[in-house]
Amino acid sequence: MVRIAVLLSGGGRTLQNIVDHIKEGKLTAEVVVVLGSRPDAYGLERARKEGIETICVPYKEYKREGDTDGFSKAINEHLNKNEIDLIVMAGFMHLFKADEKWNGRIMNIHPALIPSFCGTGLYGHHVHEAVIEYGAKVSGCTVHFADNVYDHGPIILQSAVPVKDEDTPETLAARIFKEECKLYPRAIQLFADGKLEIVDGRVRIGEIENADKKGKSREC
Ligand code: GAR
């Protein structure tokens, strides 16, 4: 049973999806704590409704000084108080510099195909606006191990979707979010099963996944 800390800033649909997968027995994990960067983040409310411990580290208090290190230190201190195997960023919209011990144990999901349409300023709906504005024909989502650069680190899984001529940022976001809801639990389960290994900065997926890849077509 992998013990997870979820970091979020907003509505918490990603958290809810993870919790629902756990409740339905589709993911062998436990969310032990949810940390929010805004006191009014609805994701914190969702966590409380599920009986999960919540913590808030308000980004606003550090933003004034542009103090990423202070913000990260406060988060690391909270995380260190709990027994946690994996940190899952679920719509966490700030750079978080995790302590070194979390290398290879912190995941992020981004609603585009990294390394495209990612980085500072490109989060949530901004991503889909940029994709449509550019005229890209495919987009998608990426789950990756996070390092100390925003939306950066070894890629675990990706899923692509078409960008249609008639798409608005909202319709594209909805198509991609459907994929996110499948992709993140899969990546977390792979971690829980000990099947993810980082070799030379790239993720290798263990035997069963590779056998699966050879046998049938999959969405990623
Ligand atoms: C998700 O689409 C996630 O991929 C994106 O924010 C949304 C969070 O929704 N994350 C990023 O853009 C990170 N760069 P939620 O708050 O409802 O879970």
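Details of the structure are given in the entry above.
Remember, it's a predicted structure, so these values are computed and weren't measured experimentally.

Draft legend 1. Looking closely at the overall build of the chain. Across its full length, the chain carries seven helices and nine strands. Taken over the C-alpha trace, the chain has a radius of gyration of 17 Å; the compact-globule value for 220 residues is 17 Å, and the two agree within 12%. Dimensions along the principal axes, computed over C-alpha positions, put the chain at roughly 45 × 40 × 35 Å. The buried share among the 220 residues of the chain stands at 47%. Partitioning the intrachain contacts of the chain with sequence separation of at least 6 by distance along the chain shows that 62% fall at a separation of at least 24.

Draft legend 2. The packing of helix H5 (residues 125-134) against helix H6 (residues 169-192), seen in detail. For the pair H5 and H6, the least separation of the axes is 9 Å and the interaxial angle reads 115 degrees. Classified by the angle between their axes, H5 and H6 sit roughly perpendicular to one another. Relative to H6, the crossing made by H5 is right-handed. In this structure, H5 uses His128, Glu129, Val131 and Ile132 to contact H6, whose residues at the interface are Pro169, Leu172, Ala173 and Ile176. For the contact of H5 with H6, the class distribution of residues is six nonpolar, one polar and one charged.

Draft legend 3. Just the site of the ligand, in detail. If you check the shell around the ligand, you find 15 residues, and the closest are Arg13, Thr14, His110, Gly124 and Glu180. One nitrogen or oxygen atom from the side chain of Thr14 is found 2.6 Å from an oxygen atom belonging to the ligand. Considered on its own, the ligand offers 450 Å² of accessible surface; in the complex 94% of this is hidden by protein. For the shell around the ligand, a count of residues per class yields five nonpolar, seven polar and three charged.

Draft legend 4. Structural detail: the environment of Cys56. Tracing the sequence through the fold places Cys56 in strand S3 (residues 53-56). Between the alpha carbons of Cys56 and Lys137 there is a distance of 39 Å; along the sequence they are 81 residues apart. Filtering out sequence-adjacent residues up to four positions away, Cys56 remains in contact with Gly36, Ser37, Arg38, Pro39 and Leu44.

Draft legend 5. Region of interest: the packing of aromatic side chains. Tallied over the full model, the rule gives four aromatic pairs. With a centroid separation of 5.8 Å and 75 degrees between ring planes, the pair formed by Phe117 and Tyr134 is classed as edge-to-face. One end of the pair, Phe117, is in the loop between strand S5 (106-110) and H5; the other, Tyr134, is in helix H5, with 17 residues separating them in the sequence. Clustering of aromatic rings is evident, with ring pairs tying together Tyr59, Tyr62, Phe71 and Phe92. When the ring centre of Phe177 is taken as origin, the NZ or CZ atom of Arg13, which lies over that ring, is 3.9 Å away.

Draft legend 6. The arrangement of helix H1 (residues 13-23) in detail. Within H1 the residues assigned to the buried category are Thr14, Leu15, Gln16, Asn17, Ile18, Val19 and His21. Here the buried face of H1 lies against strand S1 (2-8), strand S2 (29-36), helix H2 (42-49), strand S4 (86-89), S5 and H6.

Draft legend 7. Summary view of the side chain of Asp151. Here Asp151 shows up in the loop between strand S6 (138-145) and strand S7 (155-162). Arg13 provides the closest opposite charge to the buried, unpaired Asp151, separated from it by 14 Å. Looking at Asp151, its side chain comes within polar contact range of the side chain of Asn108, at 3.3 Å. A polar contact is formed between the side chain of Asp151 and the backbone nitrogen of Gly119, at a distance of 3.0 Å. When residues no more than four places from it in sequence are discounted, the contact partners of Asp151 are Asn108, His110, Ile114, Cys118, Gly119, Leu122 and His144.

Rules and cut-offs
Residues numbered from 1 in each chain as written. Predicted model: local features only at pLDDT ≥ 70, side-chain atom pairs only at ≥ 80, totals over all residues. Heavy atoms only, no water. Helix = DSSP H or I, 4+ residues; strand = E, 2+ residues; numbered from the N terminus. Rg over C-alpha atoms; globule rule 2.2 N^0.38 Å. Buried < 20%, exposed > 50% of the residue type's maximum accessible area, 1.4 Å probe, protein only. Contact = heavy atoms within 4.5 Å. Axes fitted to C-alpha atoms, helices over the stretch in contact; angles between N-to-C directions. Parallel < 35°, antiparallel > 145°, perpendicular 65-115°, else oblique. Left-handed = near helix turned anticlockwise from the far one by under 90°. Nonpolar A, V, L, I, M, F, W, Y, C, P; charged D, E, K, R; others polar. Near = heavy atom within 4 Å. Polar contact = N/O pair within 3.5 Å; in protein donor to acceptor, adjacent residues only side chain to side chain. Areas by Shrake-Rupley, 256 points an atom, 1.4 Å probe, with all protein chains shown as cover. Phe/Tyr/Trp six-rings, centres within 6.5 Å; stacked < 30°, edge-to-face > 60°. Lys NZ or Arg CZ within 6 Å of the ring centre and 35° of its normal. Lys, Arg positive; Asp, Glu negative; His and termini not counted. Salt bridge = Lys/Arg side-chain N within 4 Å of Asp/Glu carboxyl O.

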